[in-house]
Amino acid sequence: MACDAPTVTLPRPRSAPAADPWLRRLRPGPAQSAAGAARVVCFPHAGGGAGTYRPLATAVAARSVAGRPHEVLAVQYPGRNDRIREARVEDLRTLAAGAHRALTALPDRPLVLLGHSMGALVAYEVARLLERDGRAPAHLIVSSAWAPTRVPGGTVHLRDDDGLIDEIRHTRGTDQRLLDNRDVLAMALPVVRSDYKAVETYRHRPGPPLATPVTVLTGDRDPLVSVADAAAWQARTRAGFRLRVFPGGDHFYLTGHWAELADHLVSAPPRPVPVPVG
């Protein structure tokens with residue numbers, strides 16, 4: 001069973017570093033960010049890099065309150081793009097620990113965490129670490145992702161290259177021209193394989209639900225994550241919860257809905273809803 005739906009990404013020009021190699025500042029620059037503005041931190045999917053979120057950063061900037069623009073950062077995992085020479089990380093909690101260390105070194109601001117697919121699980125584990133520190137995020141937004149207790153595992157990372165390419169084709173998240181380019185695949189497949197391993201070997205560790213509000217976004221035609229599996233995130237928060245299902249949306253619905261995604265990022269988090277007793 002597939003663990004995630006990667007897109008293959010090519011190296012792109014470096015975004016501005018944000019105090020740590022784990023972070024890229026997409027928009028705005030540090031001089032433009034008001035002290036009280038929220039900090040949005042985006043976590044890429046399997047095979048993805050920080051640059052995936054550039055369209056989102058543009059959409060968020062268009063919606064930010066005048067004088068208090070949201071700062072948009074994206075996590076850059078090791079072993080890809082401008083970190084290609086670093087060792088890849090094949091453990092999801094190790095990825096979360098690296099991102100957590102980078103975030104705690106930044107000036108304190110309200111944090112909004114956004115993760116797509118594999119990135120949602122990394123963002124969730126970062127939220128757990130931040131809550132342990134007494135720095136709960138203001139909002140966690142997860143996209144196209146199983147609830148942590150429902151991650152199905154799998155053995156895609158053990159397939160040969162052709163088997164891995166077949167899986168990428170199945171998820172329809174990558175331009176066919178890239179899949180036909182063997183030079184690109186030679187760079188990308190090791191990254192995709194490592195990310196698959198990180199998700200497929202992830203097991204949720206018991207613990208209390210988050211004190212952070214959670215919004216879940218998913219497509220009703222996602223071939224990997226059912227609406228029920230996405231809705232199960234509700235059990236992982238004791239704060240507000242919101243579920244939005246995009247009609248006709250597949251696993252990568254977000255590429256056609258950056259504006260709506262930005263609206264969720266800049267809006268107030270969901271409020272707690274009383275749970276019926278009995």
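Further up the page is the structure itself.
Take the packing of aromatic side chains next. Per the stated rule, a full pass over the model turns up 3 aromatic pairs. Measuring from centroid to centroid gives 6.4 Å for Y53 and W258, while their planes differ by 70°, and the two rings are edge-to-face. On the criterion of sequence distance, the pair formed by Y53 in the loop between β3 (39-43) and α1 (54-63) and W258 in helix α8 (residues 258-266) is long-range, its members being 205 residues apart. Given the relative accessible area of 2%, Y53 is considered buried. Classification of W258 as buried rests on a relative accessible area of 14%. Considering the side-chain rings of Y124 and W233, the 5.6 Å spacing of their centres and the 80° angle between planes classify their relative orientation as edge-to-face.

We now examine helix α2 (residues 92-104). Over its 13 residues, α2 extends 18 Å from the first C-alpha to the last, a length consistent with the 18 Å expected when each residue adds 1.5 Å. Of all the positions in α2, only L92, R93, L95, A96, G98, A99, H100, A102 and L103 are classed as buried. Between a side-chain oxygen at the N-terminus of α2 and the backbone nitrogen of R93 the separation is 3.2 Å; the capping residue is D91.

The next thing to look at is a nonpolar patch on the surface. The grouping of V227, L243 and V245 at the surface amounts to a nonpolar patch, some 180 Å² of accessible area in total. Tracing the chain through its elements places V227 in helix α7 (residues 227-231). Here V227 falls in the partly exposed class, since its relative accessible area comes to 32%.

To continue, consider the packing of α2 against helix α3 (residues 118-132). For the pair α2 and α3, interaxial distance at closest approach is 8 Å and the crossing angle is 55°. What the angle tells us is that α2 and α3 run oblique. With respect to the hand of their crossing, α2 and α3 are arranged in right-handed fashion. On the side of α2, the interface is formed by L92, R93, L95, A96, A97, A99, H100, L103 and T104, while α3 contributes M118, L121, V122, E125, V126, L129, L130 and R132. Of the residues contributing to the contact of α2 with α3, the split by class is 12 nonpolar, 2 polar and 3 charged.

Enumeration over the complete set of coordinates arrives at 12 salt bridges. A salt bridge links R132 to D133; the nearest nitrogen and oxygen atoms lie 3.3 Å apart. In this structure R132 comes out as exposed when scored by relative accessible area, which is 58%. What emerges from the salt-bridge pattern is a single network uniting R25, R39, E71 and R109.

Core analysis: the largest hydrophobic core is formed by 44 residues, its most contacted members being F43, L113, V122, V126, L140 and W233. Contributing elements (two or more residues each) for this core: β3, β4 (71-75), α2, β5 (111-116), α3, β6 (139-143) and β7 (214-219). Ranked by the residues each element gives to this core, the list is headed by α3, at 9 residues. Of all hydrophobic cores here, the second largest spans 23 residues; its members include L26, A57, L114 and F252.

Here we come to the environment of G47. Mapped onto the secondary structure, G47 falls in the loop between β3 and α1. On the basis of relative accessible area, G47 is assigned to the buried category, the value being 6%. Sequence separation of G47 and D195 is 148 residues, and the distance between their C-alpha atoms is 6.6 Å.

Criteria and thresholds
Once a new chain begins, its residue numbering starts again from 1 and follows that chain's sequence as written. Two thresholds apply to this predicted model, a pLDDT of at least 70 for residue-level local features and 80 or more for giving and counting side-chain atom pairs, whereas whole-chain, interface and lining totals are computed over all residues. Based on all heavy atoms of the structure, the side-chain values leave hydrogens and waters out of the count. Note on aromatic contacts: the rings of Phe and Tyr and the six-membered ring of Trp form a pair at centre separations within 6.5 Å, being stacked when their planes are under 30 degrees apart, edge-to-face when over 60 apart, and tilted otherwise. Each helix is a run of DSSP H or I of at least 4 residues and each strand a run of E of at least 2, with the numbering of both proceeding from the N terminus. Buried means the residue's accessible area, taken with a 1.4 Å probe over protein chains only, is under 20% of the maximum for its type, while exposed means over 50%, and partly exposed covers the values in between. The length a helix should cover is 1.5 Å for every residue beyond the first. The definition of a polar contact used here is a pair of N or O atoms within 3.5 Å, where within protein one atom must be able to donate a hydrogen and the other to accept one, and adjacent residues in sequence count solely through side-chain atom pairs. Exposure above 30% relative accessible area and the absence of a salt bridge qualify a residue for a patch, where like charges join within 9 Å and nonpolar side chains (Val, Leu, Ile, Met, Phe, Trp, Tyr) within 5 Å. Residue exposure ignores everything except the shown protein chains as possible cover, and the areas themselves are Shrake-Rupley values with a 1.4 Å probe. Salt bridges are identified by distance alone: a Lys or Arg side-chain nitrogen within 4 Å of an Asp or Glu carboxyl oxygen. Helix axes are fitted only over the stretch in contact, all axes being lines through C-alpha atoms; the angle between N-to-C directions runs from 0 to 180 degrees. Oblique is the label for any angle not under 35 degrees, not over 145, and not in the 65 to 115 range, which are roughly parallel, roughly antiparallel and roughly perpendicular in turn. If you view the pair so one helix is near and one far, a crossing is left-handed when the near helix is turned anticlockwise from the far one by less than a right angle, and right-handed when it is turned clockwise. Throughout, a residue-residue contact means that at least one pair of heavy atoms, one from each residue, lies within 4.5 Å. Residues are grouped as follows: nonpolar covers Ala, Val, Leu, Ile, Met, Phe, Trp, Tyr, Cys and Pro; charged covers Asp, Glu, Lys and Arg; every other residue, Gly included, is treated as polar. The term nonpolar core refers to a set of buried residues drawn from Ala, Val, Leu, Ile, Met, Phe, Trp, Tyr and Cys, joined through side-chain atoms within 4.5 Å.

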